[in-house]
Amino acid sequence: MTKLTHWIKGHQVTAFFILTFAITWGIAAFAILLPAQIRAIFGELTTFNPLFILAVAAPTISATILTLVLEGWSGLGTLYARLIRWRFGVQWYALVLVGIPFLGWLTSQAAGAEPKYGLSTPALIFSALLNLLISGPLGEELGWRGYALPRLLKQFSAFVASLILGAIWGVWHLPSFFVSGLPQSSTSLAVFLFGALCTSILVMWIFQHTGGSVLSTVSLHYMVNFSFAFLGAPFPAFTLVMLVPTILVVLLDKRFGWFQKP
């Protein structure tokens, strides 16, 4: 075992964060510092751009590399099995796939907002829905929740682990606030970070109640993004709406053990 491998083994979460930030922020640095050159090679940097998708997939890429190095192919199989762990109660499917977009719809109606995507054909709708899945939830969750979260839970209570991961997850998005054409470029950083913390707590709750299923966290992340992109829910308003279930799950689910240390 090399010194680097030995260090990674003893600092698995830190190594994951370093590698994830290095990939995403490294790509972002080129996009911000050399916009004309990047545009000439890869085209306009939108959520459909392959360079953007690569940057967003950094958590999954990092988790894959580290798991393969430390645990081999069997460990990698265990990690990816979380992504297809679908056997959990139908109530969790309903909460995520119906409850979240319903809150998004209520928010957009109350705000008088219009959907951001003007899609006229089924092909365009399918393309946008697929892009929404790939350029966020699918690229991120296997790393954040499949790899980092179980390791954080070995050191911290569920509530503290949620806040740590939520804060890092939010800060990781920072470069996208400086690239025009990306969703975060028109969003308040403070509001976004607060939303990331709320979402992280909800994702923790769903993750634990579904037996550590990354499929459930991908679905929740996807429905939150769907509420913004397709239902037109304004980010600040929807963040306030999501604060309500966040507070409720912490206060009312007393059996969950939010503050119980491992």
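Attention in this report is confined to the structure presented alongside it. Predicted model only: the values in this text are computed from it and were never measured.

### Considering the packing of aromatic side chains
Move 1: Counted by the stated rule, this structure contains 17 aromatic pairs.
Move 2: A ring pair is formed by Phe177 and Phe192, whose centres lie 5.3 Å apart and whose planes are at 80°; its orientation type is edge-to-face. Of this pair, Phe177 sits in the loop between α8 (158–172) and α9 (189–209) while Phe192 sits in helix α9, and the two are 15 residues apart along the sequence.
Move 3: Given the relative accessible area of 13%, Phe177 is considered buried.
Move 4: For Phe192, a relative accessible area of 9% puts it in the buried group.
Move 5: Connected via pairs of aromatic rings, a cluster forms that spans Phe16, Phe17, Trp144, Tyr147 and Trp172.

### Some details on the packing of α9 against helix α11 (residues 235–252)
Move 1: Viewed as axis vectors pointing N to C, α9 and α11 meet at an angle of 35°, and their least axial separation amounts to 9 Å. Here α9 and α11 pass one another in a crossing that is left-handed. Contacts between α9 and α11 involve Val191, Phe192, Phe194, Gly195, Cys198, Ile201, Leu202 and Trp205 from the first element and Phe235, Pro236, Thr239, Met242, Leu243, Pro245, Thr246, Val249 and Val250 from the second.

### What about the packing of helix α2 (residues 12–33) against helix α5 (residues 58–81)?
Move 1: It is at 8 Å that the axes of α2 and α5 come closest, and there the two elements cross at 135°. Relative to α5, the element α2 is oriented oblique. The crossing of α2 and α5 is right-handed. Residues Gln12, Ala15, Phe16, Leu19, Thr20, Ile23 and Thr24 of α2 touch α5, and the partners they reach there are Ala58, Pro59, Ile61, Ser62, Ala63, Ile65, Leu66 and Leu70.
Move 2: Tallied by class, the residues present in the contact of α2 with α5 amount to 11 nonpolar, four polar and no charged.

### Section: a nonpolar patch on the surface
Move 1: Taken together, the side chains of Phe30, Ile32, Leu33, Leu34 and Phe178 make up a nonpolar region of the molecular surface, amounting to roughly 530 Å² of accessible area.
Move 2: Structurally, Leu34 can be placed in the loop between α2 and α3 (35–42).
Move 3: Exposure remark for Leu34: the relative accessible area of 34% places this residue in the partly exposed category.

### Concerning empty space enclosed by the protein
Vacant regions in the atomic arrangement are exposed by a probe of water-molecule size rolled over the atoms.
Move 1: Overall, the coordinates contain one cavity of 30 Å³ or more when judged by the stated rule.
Move 2: Approximately 50 Å³ is the volume attributed to the largest cavity.
Move 3: Lining the largest cavity we find Phe88, Trp92, Tyr93, Val96, Leu97, Ile206, Leu215, Ser216 and Ser219.
Move 4: For the lining of the largest cavity, the element with the highest residue contribution is helix α6 (residues 90–111), accounting for four residues.

### Description of the layout of surface pockets
Move 1: Of the volumes computed, that of the largest pocket is approximately 870 Å³.
Move 2: Forming the walls of the largest pocket are 41 residues, and the residues nearest its centre are His173, Pro183, Gln184, Phe192 and Asn225.
Move 3: Where the lining of the largest pocket is concerned, the elements lending two or more residues are α2, α4 (50–56), α7 (122–152), α8, α9, α10 (214–229) and α11.

### Here's the deal with the side chain of Ser227
Move 1: Position of Ser227 among the secondary structure elements: in helix α10.
Move 2: The class of Ser227 is buried, set by a relative accessible area of 0%.
Move 3: A polar atom in the side chain of Ser227 sits 2.9 Å from the backbone oxygen of Met223.
Move 4: With near-sequence residues (within four places) excluded, Ser227 lies in contact with Ile100, Pro101, Gly104, Gly232, Ala233 and Phe238.

### Examining the pattern of salt bridges
Move 1: Evaluation of the coordinates by the stated rule reveals two salt bridges.
Move 2: Notably, a salt bridge pairs Glu141 with Arg145, separated by 2.8 Å at the nearest N-O pair. You can see Glu141 and its partner Arg145 sitting in helix α7, four residues apart, about one turn around the helix.

### Quick look at the nonpolar core
Side chains of nonpolar character tend, in soluble globular proteins, to be buried together.
Move 1: Ranked by internal contacts, the top residues of the largest apolar core, which has 59 residues, are Phe16, Met204 and Trp258.
Move 2: Elements with a minimum of two residues in this core: α2, α5, α6, α7, α8, α9, α10 and α11.
Move 3: Once residues within four sequence positions are removed from consideration, Phe16 is found in contact with Pro59, Ser62, Ala63, Leu66, Gly143, Trp144, Tyr147 and Ala148.
Move 4: In terms of nonpolar packing, the next biggest core, distinct from the first, is built from 12 residues, Ile38, Leu45, Val56 and Ala58 among them.

Calculation criteria
- Here the residue numbering is sequential within each chain, running from 1 through the sequence in written order.
- Per-residue local features are limited, in this predicted model, to residues with pLDDT of at least 70; the limit for side-chain atom pairs, both in listing and counting, is 80 or more; totals at the level of whole chains, interfaces and linings are taken over all residues.
- To obtain the side-chain values, all non-hydrogen atoms of the structure were used and water was disregarded.
- Whether two aromatic rings pair depends on their centres lying within 6.5 Å, for rings of Phe, Tyr and Trp, where Trp uses its six-membered ring; planes under 30 degrees apart make the pair stacked, over 60 edge-to-face, and the rest tilted.
- Where helices and strands are cited, they refer to DSSP runs of H or I of at least four residues and of E of at least two residues respectively, numbered from the N terminus.
- Exposure classes here rest on a 1.4 Å probe applied to the protein chains alone. A residue is buried below 20% of its type maximum, exposed above 50%, and partly exposed in between.
- Between the N-to-C directions of two axes lies an angle of 0 to 180 degrees, each axis being a line fitted to C-alpha atoms and, for a helix, fitted only over the stretch in contact.
- Working rule for handedness: look at the near helix, and if it is turned counterclockwise from the far one by less than a right angle, call the crossing left-handed; if clockwise, right-handed.
- Contacts are assigned to residue pairs that have any heavy atoms within 4.5 Å of one another.
- Roughly parallel here means an angle under 35 degrees, roughly antiparallel means over 145, roughly perpendicular means 65 to 115, and every remaining angle is called oblique.
- Throughout this entry, Asp, Glu, Lys and Arg are counted as charged residues, while Ala, Val, Leu, Ile, Met, Phe, Trp, Tyr, Cys and Pro are counted as nonpolar. The remaining residues, Gly among them, count as polar.
- Patch construction takes residues with relative accessible area above 30% that form no salt bridge. Like charges are linked within 9 Å, and nonpolar side chains (Val, Leu, Ile, Met, Phe, Trp, Tyr) are linked within 5 Å.
- Accessible surface is estimated by sampling points in the Shrake-Rupley manner with a 1.4 Å probe; for residues, cover comes only from the protein chains shown.
- The salt bridge definition used is simple: a Lys or Arg side-chain nitrogen within 4 Å of an Asp or Glu carboxyl oxygen.
- Cavity means a closed set of points on a 1 Å grid over the protein atoms alone, one where a 1.4 Å probe fits but cannot get out, pocket means an open set with protein on both sides within 12 Å along at least 5 of 7 lines, and lining means a residue has an atom within 4 Å of a point.
- Grid points are joined across faces, edges and corners, and a volume is the space filled by probe spheres set on the points.
- Polar contacts here mean pairs of N or O atoms no more than 3.5 Å apart (in protein, one a potential hydrogen donor and the other a potential acceptor; neighbouring residues in sequence count only if both atoms are side-chain atoms).
- We call a set of buried residues a nonpolar core when its members are Ala, Val, Leu, Ile, Met, Phe, Trp, Tyr or Cys and they connect through side-chain atoms within 4.5 Å of each other.

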